[in-house]
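An overview of the molecular structure
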Amino acid sequence: MYTQIDLDGPAGTLRVSGHGLPTVELVRAPGTAPDAHTPIGTRKAALLALSADGEPATIRPARGRLLRSSYRVDARVAGVRYRLMPCSHVDSRLSRDGRVLGTLESAGDGRVDADWAPGADLTPLDHALGTALAAAFGTGASPWWETVGDIVGELIP
């Protein structure tokens, strides 16, 4: 399925569309300075507006700190709960109402590779929203022990 991803991190806009897909848009509040670590420019929910097929949706990215789970992104679209959660250094797992739909990979450069789970009963909204979340926030994260080791290594001369 062809997916068009239009990401402008400095402007804080993302649009995912394609034949047979609902359009998903994520916009950072105008006039806010982007952070350097998040493709859409922020992980602050109050500064983000999400819509799917023109209807408002909610988004709650976690803060992105020490634990992999702190890089999760939760969204609710038309009463359906979605979660994108890192599961390796480069991949994140997308779930809908707790059911795994597949893994996605994005380095934050506006490209997303997906490996959809066989028999996942994937909908066009699942595809578009998962792609948007991966493109907006990137995927993957280091495990906590590796992050702590890096911090300790930086402190030792």
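Everything here concerns the structure above.
Residues numbered from 1 in each chain as written. Predicted model: local features only at pLDDT ≥ 70, side-chain atom pairs only at ≥ 80, totals over all residues. Heavy atoms only, no water.

For the rest of this paragraph, the subject is the overall build of the protein. Secondary structure assignment for the protein yields two helices and ten strands. Scanning the protein from its N terminus toward the C terminus, one meets helices and strands in the order β-β-β-β-β-β-β-β-β-β-α-α. Compactness check: the protein gives a C-alpha radius of gyration of 15 Å against a globular reference of 15 Å for 157 residues, within 12% of the reference. Across its three principal directions, the C-alpha atoms of the protein cover 55 × 40 × 25 Å. Every one of the 157 residues in the protein was classed for burial, and the buried ones make up 40%. (Helix = DSSP H or I, 4+ residues; strand = E, 2+ residues; numbered from the N terminus. Rg over C-alpha atoms; globule rule 2.2 N^0.38 Å. Buried < 20%, exposed > 50% of the residue type's maximum accessible area, 1.4 Å probe, protein only.)

Attention shifts here to the nonpolar core. Counting residues in hydrophobic clusters, the biggest one holds 30 residues, and the most contacted among them are Leu 14, Leu 26, Leu 50, Ile 59, Leu 129, Leu 133 and Phe 137. Taken together, the elements giving at least two residues each to this core come down to strand S2 (13-17), strand S3 (24-28), strand S4 (48-52), strand S5 (55-61), strand S6 (73-77), strand S7 (80-86), strand S9 (99-105) and helix H1 (124-137). With eight residues, the top contributor of residues to this core is H1. Among all residues touching Leu 14, those that are not within four sequence positions of it are Ile 5, Asp 6, Leu 7, Val 24, Glu 25, Leu 26, Ile 40, Ala 132, Ala 135 and Ala 136. (Core = buried A, V, L, I, M, F, W, Y, C linked by side-chain atoms within 4.5 Å. Contact = heavy atoms within 4.5 Å.)

Time to look at the sheet that holds S2. Strands sit in the order S1-S2-S3-S4-S5-S6-S7-S8-S9-S10 across an open sheet of ten strands; the sheet is antiparallel. Only two strands of the sheet have a single neighbouring strand rather than two, namely strand S1 (4-8) and strand S10 (113-116). Taken over all neighbouring pairs, the strand axes of this sheet differ in orientation by 20 degrees on average, direction set aside. (Pairing = 2+ DSSP bridges. Axes fitted to C-alpha atoms, helices over the stretch in contact; angles between N-to-C directions.)

This next bit is on the side chain of Ser 17. Take Ser 17: it is sitting in strand S2. Overall, Ser 17 belongs to the buried group, its relative accessible area being 12%. If we skip the residues at most four places from it in the chain, Ser 17 touches Tyr 2, Thr 3, Gln 4 and Thr 23.

This part covers the environment of Gly 130. With respect to the helices and strands, Gly 130 occurs in helix H1. In the structure, Gly 130 is positioned 35 residues away from Ser 95 in sequence and 8.8 Å away in space, judged by C-alpha atoms. Excluding its chain neighbours within four sequence positions, the residues that come into contact with Gly 130 are Leu 94, Leu 104 and Leu 125.

For the rest of this paragraph, the subject is the environment of Arg 96. When you line up the elements, Arg 96 lands in strand S8 (residues 91-96). Residue Arg 96 is classed as buried on the basis of its relative accessible area, which comes to 15%. Remark: the alpha-carbon pair of Arg 96 and Tyr 82, spanning 14 residues in sequence, is separated by 4.6 Å. Excluding its chain neighbours within four sequence positions, the residues that come into contact with Arg 96 are Val 80, Arg 81, Tyr 82, Leu 101, Ala 120, Asp 121, Thr 123 and Asp 126. Within polar-contact distance, the side chain of Arg 96 engages the side chain of Asp 126 at 2.2 Å. (Polar contact = N/O pair within 3.5 Å; in protein donor to acceptor, adjacent residues only side chain to side chain.)

This part takes up the pairing of S5. For S4 and S5, the ladder comprises three bridges, and the chain directions are antiparallel. Within the sheet, the bridge partner assigned to Leu 50 lies in S5 and is Ala 57. Linkage of S4 to S5, two consecutive antiparallel strands, is achieved through a turn of two residues, within which Asp 53 is found at a positive phi near 55 degrees. One ladder, built from four bridges, connects S5 with S6; its direction is antiparallel. Looking at the pairing, Ile 59 lines up with Ala 75 of S6.

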